[in-house]
Amino acid sequence: MTILFGLKNCDTCKKALNWLKRFGIEHRFVDYRDERQSPETLVAWKDAAGGWDALINKSSTTWRELSPNRKTPGSDAEWKLLLKEYPQLVRRPVVVLDDGTVAQGFSDNGFKKLFGI
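## A look at the overall build of the chain
In step 1: A count of helices and strands for the chain gives 6 helices and 4 strands.
In step 2: Reading the secondary structure of the chain in the N-to-C direction produces β-α-β-α-α-α-α-β-β-α.
In step 3: Taking 13 Å as the expected radius of gyration for a compact globule of 117 residues, we find that the chain reaches 14 Å, a close match to that expectation.
In step 4: For the C-alpha atoms alone, the extent of the chain along its principal axes is close to 45 × 25 × 25 Å.
In step 5: With 117 residues in all, the chain has 37% of them scored as buried.
In step 6: By element, 47% of the accessible surface of the chain is carried by carbon and sulfur atoms, the whole surface being about 6600 Å².
In step 7: Measuring between centres, the 19 positive side-chain charges of the chain sit 6 Å from its 15 negative side-chain charges.

## Observations regarding the pairing of strand S2 (residues 27-31)
In step 1: Sheet analysis places strand S1 (residues 2-6) next to S2, joined by 5 bridges and oriented parallel. Looking at S2, one finds that Leu 4 is bridged to Phe 29.
In step 2: What joins S1 to S2 is helix H1 (residues 11-22), and the crossover it makes is right-handed.

## Some remarks on the pattern of salt bridges
In step 1: Evaluated as defined, the whole model comprises 7 salt bridges.
In step 2: The partner of Arg 22 in a salt bridge is Asp 108, and the shortest N-O contact between them spans 3.4 Å. Here the residue Arg 22 occupies a position in helix H1, and Asp 108 occupies one in helix H6 (residues 108-115), the gap between them amounting to 86 residues.
In step 3: Residue classification places Arg 22 among the exposed residues on the basis of a relative accessible area of 56%.
In step 4: Residues Asp 47 and Lys 46 are paired through a salt bridge, measuring 3.0 Å at the closest nitrogen-oxygen approach.

## A word on the nonpolar core
In step 1: Judged by nonpolar contacts, the single largest core of 31 residues is most densely connected at Leu 4, Phe 5, Trp 45, Leu 83, Phe 111 and Phe 115.
In step 2: Among the elements of the structure, S1, H1, helix H2 (39-49), helix H3 (52-55), helix H5 (76-85), strand S3 (94-96) and H6 are those that each provide at least two residues to this core.
In step 3: Residue contacts for Phe 5: discarding those within four places in its chain leaves Val 30, Tyr 32, Gln 37, Trp 45, Pro 93, Val 94 and Val 96.

## Re the sheet that holds S1
In step 1: Ordered by their spatial adjacency, 4 strands build an open sheet running S2-S1-S3-S4, and the pairing between neighbours is mixed. In this open sheet, the two strands that pair with only one neighbour each are S2 and strand S4 (102-104). Across the sheet, the mean angle from the axis of one strand to that of its neighbour is 20°, orientation sign disregarded.
In step 2: In the packing of H6 onto the sheet, contacts are made with S1, S3 and S4, and the angle to S3 comes to roughly 15°.

## Section: the side chain of Gln 88
In step 1: Residue position: Gln 88 is located in the loop between H5 and S3.
In step 2: Of the residues examined, Gln 88 reaches a relative accessible area of 17% and is grouped as buried.
In step 3: In contact with Gln 88, not counting residues within four places along its chain, are Leu 7, Tyr 32, Arg 33 and Thr 62.

## Looking at the layout of surface pockets
In step 1: Roughly 160 Å³ of internal volume is contained in the largest pocket.
In step 2: Lining the largest pocket we find 13 residues, and of these Gln 37, Leu 42, Lys 80, Leu 83 and Lys 84 sit closest to its centre.
In step 3: With 4 residues, the single largest contributor to the lining of the largest pocket is H5.
In step 4: Broken down by class, the residue content of the lining of the largest pocket amounts to 8 nonpolar, 2 polar and 3 charged.

Reading the values: the criteria
Residue indices begin from 1 for each chain and proceed along its sequence in written order. The predicted nature of this model means local features are confined to residues of pLDDT at least 70 and side-chain atom pairs, given and counted, to a pLDDT of 80 or more, with totals for whole chains, interfaces and linings taken over all residues. Hydrogens and waters are ignored; side-chain quantities use all the structure's heavy atoms. Labels follow the DSSP assignment, with helices taken as runs of H or I lasting at least four residues and strands as runs of E lasting at least two, numbered in each case from the N terminus. C-alpha atoms define the radius of gyration in this analysis, and the globule rule sets the expected value at 2.2 Å times the number of residues to the power 0.38. To sort residues, take the accessible area from a 1.4 Å probe on protein chains only and compare it with the maximum for the residue type: under 20% means buried, over 50% means exposed, and anything in between is partly exposed. Using the Shrake-Rupley algorithm and a 1.4 Å probe, accessible areas are obtained, with residue cover drawn only from the displayed protein chains. This count recognises Lys and Arg as positive and Asp and Glu as negative, with His and chain-terminal groups excluded. The location of each charge is read from NZ of Lys, CZ of Arg, CG of Asp or CD of Glu. Note on pairing: two strands pair once DSSP finds at least 2 bridges between them. With its strands directed away from the observer, a crossover is right-handed exactly when the path from the first strand over the helix to the second travels clockwise. Within this document, salt bridges are pairs made up of a side-chain nitrogen of Lys or Arg and a carboxyl oxygen of Asp or Glu, the two lying within 4 Å of each other. In these notes, a set of buried Ala, Val, Leu, Ile, Met, Phe, Trp, Tyr and Cys residues joined through side-chain atoms within 4.5 Å is what counts as a nonpolar core. Residue contacts follow a heavy-atom distance rule, with two residues in contact if any of their heavy atoms lie within 4.5 Å. Here an axis means a line fitted to C-alpha atoms, over the contact stretch when the element is a helix, while the angle between two N-to-C directions is reported on a 0 to 180 degree scale. Points on a 1 Å grid over protein atoms alone make up a cavity when a 1.4 Å probe fits among them but cannot get out, and a pocket when they form an open set with protein on both sides within 12 Å along at least five of seven lines; lining residues each have an atom within 4 Å of a point. Grid points are joined across faces, edges and corners, and a volume is the space filled by probe spheres set on the points. Three classes are used, and their members are as follows: Ala, Val, Leu, Ile, Met, Phe, Trp, Tyr, Cys and Pro are nonpolar, Asp, Glu, Lys and Arg are charged, and the others, Gly among them, are polar.

Okay, structure coming up:
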């Protein structure tokens, strides 16, 4: 089953969920503030996204409010600690398909390509 990770109050996540319903794609939604992801999962998402910088939503209020030294983690361990404290920093949504494919973000055309529609 496709899993969509995001935040309940995120407009982009709501659009993605509506898209999945409209096209009849069986899915489960996980709010990653309520169900924190393991460090191993975060590293897998980072690898799929192309690095920590690609995984993080740097235009978010949470990111902008971080102190400058928190914005420059020097290792995977520091990134994992930052995301454990602020899971909302992950760019939304993160979609994990049955075959383990990980994708990030939402657009109509992007989802059509991802789901072969």
